[in-house]
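Chains, contacts and geometry: an overview
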Amino acid sequence: MPATTAPLPVLHFRDVRRRFGRLSVLRGVSGRVASGEVLLVTGPNGSGKSTLLRCLAGLLAPDDGDIDYREAMPDAAPLSAAERRLRVGYVAPDLALYEELTAAENLLFFARLRGVPVELGAILLDRLSLPPDRAVGALSSGMRQKLRWAWALLHRPRLLLLDEPFQNLDGAGEAVVRELLEEHLADGLAVLAQPVDVEPSASWKVAEHVELAG
Amino acid sequence: MSSWLAEASAIFAKDWRAEARNLYALNTLGLFAVTTLVLVSVGLGPMGVTAAGAQVLPFLLWIVLLFATSAGLPRAFVQEEETHTATALRLAARPSAVFWGKLAFSLSLTWALEALVAPLFLAMVQLSVKSPGLFVVGLVAGGFGLAAASTVIAAIIAQTRAGSTLFAVLSFPILIPLLLLVVELTRNAVDGATADVVLRQLLLYDGSVAVAGAMLFPAIWNP
Amino acid sequence: MTETLSAPTSTHPSAPWWKTLLAWLLWLWITVVLVGAFTYAPPAKGFVNLYSSRILFFHVPMAWVSFVAFISAGVWSLLFLTRGRRQRHDLAAAVAVELGLIFCILATLTGSVWSRIEWGAFWNWDPRQTSIVLAMVFYAAYLVLRSAIEDDQARARLSASYALLGLVVAPFLYFVLPRISFSLHPAPVVNQSGQVDMESRMLQVLLGGAVGFTALFFWLHDTALRLRLLAARNDDRR
């Protein structure tokens, strides 16, 4: 394998299990996705798609199994859950931003937290046609979804975890975020969880299709 | 990557910016405190208390502060969890920054509350303080202990289903030593006595809770 | 996946021999202490009722054990958080708190009975009485916290954190309480004539009781923990 100085993000998870009380939600899920690829996760409601993504993001600790995500050379150590949390880009229906603040103020806050240039927020808001000075509480659900994308991409993550990322978006909105996803896939990877009926873009390189049973 | 201090300051600033939009926490704290103060004053009657009965007054002051902070401080974490903004914070900020940023916010609220309540209290119960310097030191140090313990416990209960009722149950045992120490200190301030030993123990409590809280916070905040 | 149980070699699965031996020793020891409390140790003169002092042979060890329970809950909680989040440590902490609460209640009851006989009142808020009430309140708060969390992992780490916070704060009570009220509690040295050094036979029974009750606590703890672990494993299989 040719030596390369560019980091090769790879996500590999094996036999991930998670229970809530007596309910076994994830019963040994495995998958692998590398830079430039998309891992599709589908399944009916309650099959554990969101739970899997939360585990991958480091928001939930699995009861069993292994999550191996590395951004450096293949033989470097995988990132810990704490490191993963700060690195990933995460879009999910239950992620919200501060309602009393405007979209611009929200992104400014998170840019400060992440130590990225504060202008990036304005650029993303413009790209997604979001009004920067309206309080988030006053945004429509479609706009909130676009704002979630802006938040997720703010720090140029290598790994995107997308849980129902196209919900509430109109045609134009969905087109823009698909564009953003493609740009991301130039050197990043993505895990996308959806109910079955969403069309993958032609340009996506689907690494695997993990189907979770209900 | 930004520094820990920059992250904590950003969180502190964000909390105040959000607070400035609706003044919810300040209103809750203030209203609760003033209502309790009025209750105390009415209960004591127009003549106030006798010299002997004045022993109980420092205790009443701190009960008012304890009740008000129990009502208003847990919101720092409970609201983040209820509105689901906690997820974004978990994914963007280091746990230590969240802890110190939130502690700074709770602390500023507590000291602001004390600045309102203490003079009102002294006036309403007609209490004169012989060592005002020590009195203020007690407010500052006691307020720190209240804010620090409240921050840790708020972070715990925010992740349960029970919320604010549980806050009182959990914080009471933890705050008893603080209450006893700071009431004794305040009493000494009123009487004009020295209180080196008590002050030292109070500061030790503050330090211990802050350090223990900082060490436990990653386990509380993250899975 | 079904599991086939291997045929047991006897009708009852047996504990390791040394555990059985220790358990028998424990019961022997406790019996000796009980008998000694009522016969061997002399009654303490200078007390209202000569025979009421015997309650101390139970009250003091039980109060001591509730202190032991508190410390061990803290230790198990620390082990949980720092040694790989093992379920065993979490359940051990919870069991320690539950047992500690029981011993606290018993210590309070025996203490108030004796207090009534000796000083005419069931309760006086002296520092030791206050601290045992606060310990009970803390234990109860810990258990309420556990009951308010559904997810096992969250319940374990949040209650462990709370227990450790309590452990950090508890020593301050030890310093503060004696200052704020006088103590009705006798210094722990009463003898036949109510003077300073404890009479040796009483001391023997008292220390024997302390050792015995502590061993009893750990035996109860071990049994209850094994039961909890089995129940948890049973849940996992479903």
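1. Description of the confidence of the model for chain B
Close inspection of predicted coordinates is inappropriate in any region flagged by low pLDDT. A residue-level look at chain B finds 99% of positions with pLDDT of 70 or above and a mean pLDDT of 93. The lowest-confidence element of chain B is helix H2 (residues 24-44) of chain B, averaging 91 in pLDDT; the highest-confidence one is helix H7 (residues 132-157) of chain B, averaging 97.

2. Digging into unusual backbone geometry
Its identity is not glycine, yet Asp15 of chain A carries a phi of approximately 50 degrees, on the positive side. Among the secondary structure elements, Asp15 of chain A is positioned in strand E1 (residues 10-20). Taking the number of C-beta atoms within 10 Å as the measure of exposure, Asp15 of chain A has 13 and is therefore partly exposed. A positive phi angle, close to 55 degrees, is found at Gln126 of chain B, a residue other than glycine.

3. Quick look at the interface of chain A and chain B
Each partner contributes to the interface: chain A provides 25 residues, whereas chain B provides 21 residues. At the level of secondary structure, the elements contributing two or more residues to the side of chain A that touches chain B comprise helix H2 (81-87) and helix H3 (103-114) of chain A.

4. What to know about the interface of chain C and chain B
Often, the extent of an interface is quoted as the loss of accessible area upon association of its parts. With 25 residues of chain C at the interface, the matching set in chain B holds 26 residues. For the side of chain C that touches chain B, the secondary structure elements donating two or more residues are helix H4 (127-147) and helix H5 (152-180) of chain C. Of all the elements, H5 of chain C adds the most residues to the side of chain C that touches chain B, at 16 residues. Class assignment of the residues belonging to the side of chain C that touches chain B gives a composition of 21 nonpolar, three polar and one charged.

5. Section: the sheet that holds strand E2 (residues 23-34) of chain A
Residue and element names in this part refer to chain A. Spatially, three strands are ordered E2-E1-E4 in an open sheet, and the strand pairing comes out antiparallel. The open sheet has two edge strands with one neighbour each: E2 and strand E4 (64-70). Between one strand axis and the next, the sheet turns by 15 degrees as a mean value, whatever way the strands run. Examined bridge by bridge, E1 and E2 share nine bridges and lie antiparallel to one another. Counted as the bridge partner of Val16 is Val29 from E2. In this fold helix H1 (residues 49-57) packs onto E1, E2 and E4, with an angle of close to 120 degrees to the strand it touches most, E1.

Parameters and conventions
Residues numbered from 1 in each chain as written. Chains lettered and ligands numbered in written order. Predicted model: local features only at pLDDT ≥ 70, side-chain atom pairs only at ≥ 80, totals over all residues. pLDDT = per-residue confidence, 0-100. Helix = DSSP H or I, 4+ residues; strand = E, 2+ residues; numbered from the N terminus. Buried ≥ 20, exposed ≤ 12 C-beta atoms within 10 Å, placed from the backbone. Contact = placed C-beta atoms within 7 Å. Nonpolar A, V, L, I, M, F, W, Y, C, P; charged D, E, K, R; others polar. Pairing = 2+ DSSP bridges. Axes fitted to C-alpha atoms, helices over the stretch in contact; angles between N-to-C directions.

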